[in-house]
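Overview (structure and organization)
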Amino acid sequence: MEASSSGITNGKTKVFHPVAKDVNILFDELEAVSSPCKDDDSLLHPGNLTSTSDDASRLEAGGETVPERNKSNGLYFRDGKCRIDYILVYRKSNPQTEKREVFERNIRAEGLQMEKESSLINSDIIFVKLHAPWEVLGRYAEQMNVRMPFRRKIYYLPRRYKFMSRIDKQISRFRRWLPKKPMRLDKETLPDLEENDCYTAPFSQQRIHHFIIHNKETFFNNATRSRIVHHILQRIKYEEGKNKIGLNRLLTNGSYEAAFPLHEGSYRSKNSIRTHGAENHRHLLYECWASWGVWYKYQPLDLVRRYFGEKIGLYFAWLGWYTGMLFPAAFIGLFVFLYGVTTLDHSQVSKEVCQATDIIMCPVCDKYCPFMRLSDSCVYAKVTHLFDNGATVFFAVFMAVWATVFLEFWKRRRAVIAYDWDLIDWEEEEEEIRPQFEAKYSKKERMNPISGKPEPYQAFTDKCSRLIVSASGIFFMICVVIAAVFGIVIYRVVTVSTFAAFKWALIRNNSQVATTGTAVCINFCIIMLLNVLYEKVALLLTNLEQPRTESEWENSFTLKMFLFQFVNLNSSTFYIAFFLGRFTGHPGAYLRLINRWRLEECHPSGCLIDLCMQMGIIMVLKQTWNNFMELGYPLIQNWWTRRKVRQEHGSERKISFPQWEKDYNLQPMNAYGLFDEYLEMILQFGFTTIFVAAFPLAPLLALLNNIIEIRLDAYKFVTQWRRPLASRAKDIGIWYGILEGIGILSVITNAFVIAITSDFIPRLVYAYKYGPCAGQGEAGQKCMVGYVNASLSVFQISDFENRSEPESDGSEFSGTPLKYCRYRDYRDPPHSLVPYGYTLQFWHVLAARLAFIIVFEHLVFCIKHLISYLIPDLPKDLRDRMRREKYLIQEMMYEAELERLQKERKERKKNGKAHHNEWP
């Protein structure tokens, strides 16, 4: 089906291979040592260096048969008939010879065919090529419940009313004037994936006549064949003993160096795909998916799923859905930013700041910081208005609702994908116990309630004690993050005075911005260094917990790594958003760290500019670094490998390596699977939603990054990595729960950012209570006249502490020493009954802030729950299709069985046999 439906000619012929008879292997030590595998020497074939010119001349000579052509492409055995389904790699110098010999004898006993080949580069490296004949594939496909196509789908058009038909006709006429959909892939380029247009059922050898089999060699596609072979290898013994079984254990103890399925040939071709078609599915994926020229097109998800499996296909489906959903968020965020740009000249607050040449602000640090005019922060006030304007609250509510809509509609999209990919009824098999768990608890056993077999058992007290130790380790590492943030705080406090006394006027006049910028860069370096440490600590703590299965291990490791990296990435952002400038005291009574360093104050234009710088720099640097490590690192490693080969064999002629050698020289997939890809996107989702009220351009940056990320990941999977094993999955796993948690946290943080970090609430209170429009129910720009003066308090310079008193007396402003300066706060003047006490306006603002947080959170959470309730997880049309398909499958199976019985009855009558025992 793969060859016939896609139009890719791979020259396969219908060949039936005899299956080796099952033999009982006795695991005797003497037998294993004295009787080596008799086919080992005959299977081993030394690799030959061939040049591309030789291949070309041989093809030009003509008369080459299909097996001869198959020999040269590196995808078949030496006979050119048996396709390679799996590759094992080991070194002859490895001492684990006995285990390998027993393992390979049992491989042949299962019916798999084997052939060995030495490496062209290093004769010590041996490649074991495995091929599964039809009988083996059929037997294990039935055991694994592999769903295969048996009847083409019948689509029924729903009955439509005349009015709706007329509307459809008008819409179709209008569409004729529109350009064709440029984002869709060319239908002629993509192969016809037949299994997506057919009803499927679990494969059964007894009912083999029900299935659509054009060619037995191509009935199971390459990904399915590799998955079946891997399933067999995981259940083959290599030594006497209850737990001495499986390929994973041999890879762990070093018996084999690598194990992987083959790519389907080269991803490049001399001929154009438009004129000559695709050479193979890898070439097709490269041209239609991994190439930069198709960055604006939809992903061929069905082809990705067919080549890499459902688990990787679901990742790219989720990434594409997330990227598509970022378009409205990025558009609204850009609109909020442009709204700030267009209303900049009409902002009363910015005007008052820029015109306040007679308002002198108090120094922001001890001694070295000078007095400054409020008008000097005019630029920062205008930049703050770009992000903190009247549309910010609307955007925060929109993003909270957007996060819910994104998750709810992803559930619907996932349901459609699960239906199209036959994952609705798929359930994971009972997982094998991890070897480390078995080795640790092999002395204690209990009956497995599912399989009914004895298995190692971990006592409840032992499990609780390990979890407590692991939780303590997590808490300690979070304390390390807090200590790192504390170090950044001390750096900011110390350097702001240093920059204020700098000899360069540019840095001296912008000491706070320089401090924030350098602190963010240092913080990024600390984040990247701590990430390396966190991975090792998370690995240690997860192994300490001793999870029972691989999925439990993966979930535990994922949760720890996400928690570590999330706290590491966002701790400084939380400090700037909610703590910077909040607990500094006031001039004359500053709060200090260790009674020495004065806490940092916000810029006269507010703290939001610091938060914007933090988010912008971290987001850009983090995404740039991740993209480099994802693509640049494998490219450099693969280039270094090719360079060593050229140095060893010379560059006189171009060496043509077989496919298994090319794939072995590629980089293996990450040991943690898709963990790094998911983690990067989930952290970006957190950055996009948690502090989006302070940085509306975050969705736009995320969108631009993801458009690049999809093609980078595609290029990496197709060209730089070995082909991963095609594995199945129904959803994105634990990551969905993490996304829901981030969505809830984003509502809380955005409420606090608007209420505490921004000046939205103080401006609102002034407009309705203290401004020119007080009591009139208006809040326009005319109501903000005098806001800047009302938000600043007065301080008498003679009340400065000795260690805080600035070196200059401010005579450069008016010719005489200053007596008073201003600072951001709501406090009484120095000559009042309670000097520097909080004013009534302070308490009004505080009450309004708390009220806004409560109202905002309850309102948004109600909207989120309402949307979750109104949007069903399963689309109605999909539910109807599933019911219809279930009914049709039963009818078709019944009709096919009835047809077979009638056919058998006619044959018996034709042969003249009696039917005395038949039912009427």
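What counts, and at which threshold
Every chain is numbered on its own, with residues counted from 1 as its sequence reads. Since the coordinates come from a predicted model, pLDDT governs what is reported: local features require at least 70, and pairs of side-chain atoms require 80 or more to be given and counted, while whole-chain, interface and lining totals use all residues. Think of the side-chain values as coming from all heavy atoms in the structure, minus any hydrogens and water. Secondary structure elements are taken from DSSP: a helix is a run of H or I of four residues or more, a strand is a run of E of two residues or more, and numbering for both begins at the N terminus. For the exposure calls, accessible area comes from a 1.4 Å probe over protein chains only, and a residue counts as buried if that area is under 20% of its type's maximum, exposed if over 50%, partly exposed in between. Working rule for contacts: check all heavy atoms of both residues, and any pair within 4.5 Å makes them a contact. Here the open area of atoms and residues is found with the Shrake-Rupley method and a 1.4 Å probe, where only the protein chains shown may cover a residue. To form a nonpolar core, buried Ala, Val, Leu, Ile, Met, Phe, Trp, Tyr and Cys residues must be joined to one another through side-chain atoms within 4.5 Å. A score from 0 to 100, pLDDT tells how confident the predictor is in each residue. The rule for pairing is simple: two strands pair if DSSP sees at least two bridges between them. Any Phe, Tyr or Trp ring, taking Trp's six-membered ring, that has another such ring centre within 6.5 Å forms a pair; planes under 30 degrees apart are called stacked, those over 60 apart edge-to-face, and the others tilted. Note on geometry: a ring has a charge over it if NZ (lysine) or CZ (arginine) is within 6 Å of the ring centre and within 35 degrees of the ring normal. By definition here, a salt bridge exists when the distance from a side-chain nitrogen of Lys or Arg to a carboxyl oxygen of Asp or Glu is within 4 Å. Contacts described as polar in this section are N or O atom pairs within 3.5 Å, which, within protein, must combine one atom able to donate a hydrogen with one able to accept it, while residues neighboring in sequence count only if both atoms come from side chains. Here the axes come from fitting lines to C-alpha atoms, over the contacting stretch only for helices, and the angles between their N-to-C directions go from 0 to 180 degrees. Put simply, angles under 35 degrees are roughly parallel, angles over 145 are roughly antiparallel, angles from 65 to 115 are roughly perpendicular, and the rest are oblique. For a crossing to be left-handed, the near helix must be turned anticlockwise from the far one by less than a right angle; the clockwise case is right-handed. Each residue gets one of three labels, nonpolar for Ala, Val, Leu, Ile, Met, Phe, Trp, Tyr, Cys and Pro, charged for Asp, Glu, Lys and Arg, and polar for the others, Gly among them. Disulfides are defined as cysteine sulfur pairs within 2.5 Å.

1. A short note on the overall build of the protein chain
Counting secondary structure elements, the protein chain contains 33 helices and 19 strands. Classification of the 920 residues of the protein chain by burial places 51% in the buried group. A fraction of 78% describes how many contacts in the protein chain between residues 6 or more apart in sequence connect residues 24 or more apart. Surface summary for the protein chain: the accessible area is close to 46,200 Å², and the carbon and sulfur share equals 59%.

2. Section: the nonpolar core
Proteins that are soluble and globular tend to have nonpolar side chains buried together. By size, the foremost hydrophobic cluster in this structure holds 149 residues, and its most contacted members are Phe 308, Trp 318, Tyr 322 and Trp 402. Of the residues forming this core, the biggest block, 15 residues, is contributed by helix α15 (residues 310-342). Those residues in contact with Trp 402 that lie beyond four places of it in its chain are Tyr 322, Met 325, Leu 326, Pro 328, Ala 329, Phe 685 and Thr 689. Core analysis: the second largest hydrophobic core is formed by 39 residues, Leu 112, Ile 228, Tyr 238 and Met 892 among them.

3. So, helix α29 (residues 760-770)
Listing the buried residues of α29 in full gives Phe 760, Ile 761, Pro 762, Arg 763, Val 765, Tyr 766 and Ala 767. Looking at the packing, one finds that the buried side of α29 touches α16 (348-355), α18 (392-420), α28 (734-757), α30 (787-790) and α32 (840-870).

4. So, the environment of Ile 732
Assignment of secondary structure puts Ile 732 in the loop between α27 (698-720) and α28. Residues Ile 732 and Leu 314, 418 residues apart in the sequence, show an inter-C-alpha distance of 7.0 Å. The contacts of Ile 732, once residues within four sequence positions are left out, are Trp 318, Trp 410, Tyr 678 and Leu 739.

5. Topic: the confidence of the model for the protein chain
Taken over all residues, the pLDDT of the protein chain has a mean of 79, while the share at 70 or more is 82%. Taken as a whole, residues 1-64 scores under 50 in pLDDT and shows 124 contacts with residues more than four places along the chain or in a different chain.

6. Considering the pairing of strand β5 (residues 125-131)
Most of β5 sits inside the fold, with seven of its seven residues counted as buried. Neither face of β5 is left uncovered, since the one carrying Ile 125, Phe 127, Lys 129 and His 131 and the one carrying Ile 126, Val 128 and Leu 130 both have all their residues buried. The sheet contact formed by strand β3 (residues 86-91) and β5 spans six bridges and is antiparallel. Each bridged residue has a counterpart across the sheet, and for Ile 87 the counterpart in β5 is Lys 129.

7. Side note on the packing of aromatic side chains
This model, assessed by the stated rule, comprises 52 aromatic pairs. With centroids separated by 4.9 Å and ring planes inclined at 75°, the aromatic side chains of Tyr 307 and Phe 308 adopt a geometry described as edge-to-face. We note that Tyr 307, like Phe 308, is buried. With centroids separated by 5.6 Å and ring planes inclined at 10°, the aromatic side chains of Trp 402 and Phe 406 adopt a geometry described as stacked. Of this pair, Trp 402 and Phe 406 both sit in helix α18, separated by four residues, roughly a single helical turn. Pair check on accessibility: Trp 402 and Phe 406 agree, each one buried. In this structure, Arg 723 packs its charged tip against the face of Tyr 307, placed 3.8 Å from the ring centre. Lying across the ring of Tyr 838, Arg 827 places its NZ or CZ 4.3 Å from the centre.

8. Quick word on the environment of Leu 764
Tracing the backbone shows Leu 764 in helix α29. Put simply, Leu 764 and Gly 780 are 16 residues apart on the chain and 9.9 Å apart in space, counted from C-alpha to C-alpha.

9. Some words on the pattern of salt bridges
For the structure on display, the rule yields 24 salt bridges. Close ionic contact of Arg 78 with Glu 115 constitutes a salt bridge, the shortest N to O distance being 3.6 Å. Placement of Arg 78 in the loop between α5 (66-72) and β3 and of Glu 115 in strand β4 (residues 113-118) is noted, with a sequence separation of 37 residues between them. Its relative accessible area of 28% is what places Arg 78 among the partly exposed residues. In this structure, Arg 78 and Glu 117 form a salt bridge, with 3.6 Å as the shortest nitrogen-oxygen distance. Of the two residues, Arg 78 is situated in the loop between α5 and β3 and Glu 117 in strand β4; the sequence distance between them amounts to 39 residues.

10. A short note on the side chain of Asp 713
Checked against the element boundaries, Asp 713 lands in helix α27. The exposure class of Asp 713 is buried, given its relative accessible area of 0%. Side chain to side chain, Asp 713 and Tyr 315 meet in a polar contact 2.8 Å long.

11. Some thoughts on the side chain of Asn 705
Looking at the secondary structure, you find Asn 705 in helix α27. Its relative accessible area of 5% is what places Asn 705 among the buried residues. The contact partners of Asn 705, leaving out residues within four places of it in the chain, are Gln 623, Asn 627, Met 681 and Gln 684.

12. What about the packing of α15 against α27?
Look at α15 against α27: their axes get within 7 Å of each other, and the N-to-C directions meet at 160°. The orientation of α15 relative to α27 falls into the category roughly antiparallel. Where α15 crosses over α27, the handedness of that crossing is left-handed. Between α15 and α27, the contacting residues are Ile 312, Tyr 315, Phe 316, Leu 319, Gly 320, Tyr 322, Thr 323, Leu 326, Phe 327, Ala 329, Ala 330 and Leu 334 on the first element and Pro 699, Leu 700, Ala 702, Leu 703, Asn 706, Ile 707, Glu 709, Ile 710, Asp 713, Ala 714 and Phe 717 on the second. Residues belonging to the contact of α15 with α27 are distributed by class as follows: 18 nonpolar, three polar and two charged.

13. Observations regarding unusual backbone geometry
Its identity is not glycine, yet Asn 145 carries a phi of approximately 55°, on the positive side. By the element assignment, Asn 145 lies in the loop between α7 (134-143) and β6 (147-152). Phi at Asp 422 is positive, roughly 60°, even though this residue is not glycine.

14. Some remarks on the state of the cysteines
Counted according to the given criterion, the structure contains three disulfides. Here Cys 354 pairs with Cys 378 through a disulfide, and the sulfurs are 1.9 Å apart. Note on the Cys 354 and Cys 378 pair: the S-S dihedral is about 80°, so by sign convention the disulfide is right-handed. Taken together, the residues span a long stretch of sequence, with Cys 354 in helix α16 and Cys 378 in helix α17 (residues 378-387) at a distance of 24 residues.

15. Things to note about the pairing of β4
Most of β4 sits inside the fold, with six of its six residues counted as buried. Side chains of β4 alternate between two faces, with Gln 113, Glu 115 and Glu 117 and Met 114, Lys 116 and Ser 118 buried alike. Two strands pair when backbone bridges link them, and β4 and β5 are joined in this way by six bridges, in the antiparallel orientation. Among the inter-strand pairings, Glu 117 is bridged to a residue of β5, identified as Phe 127. Hairpin connection of β4 to β5: six residues between the antiparallel strands.

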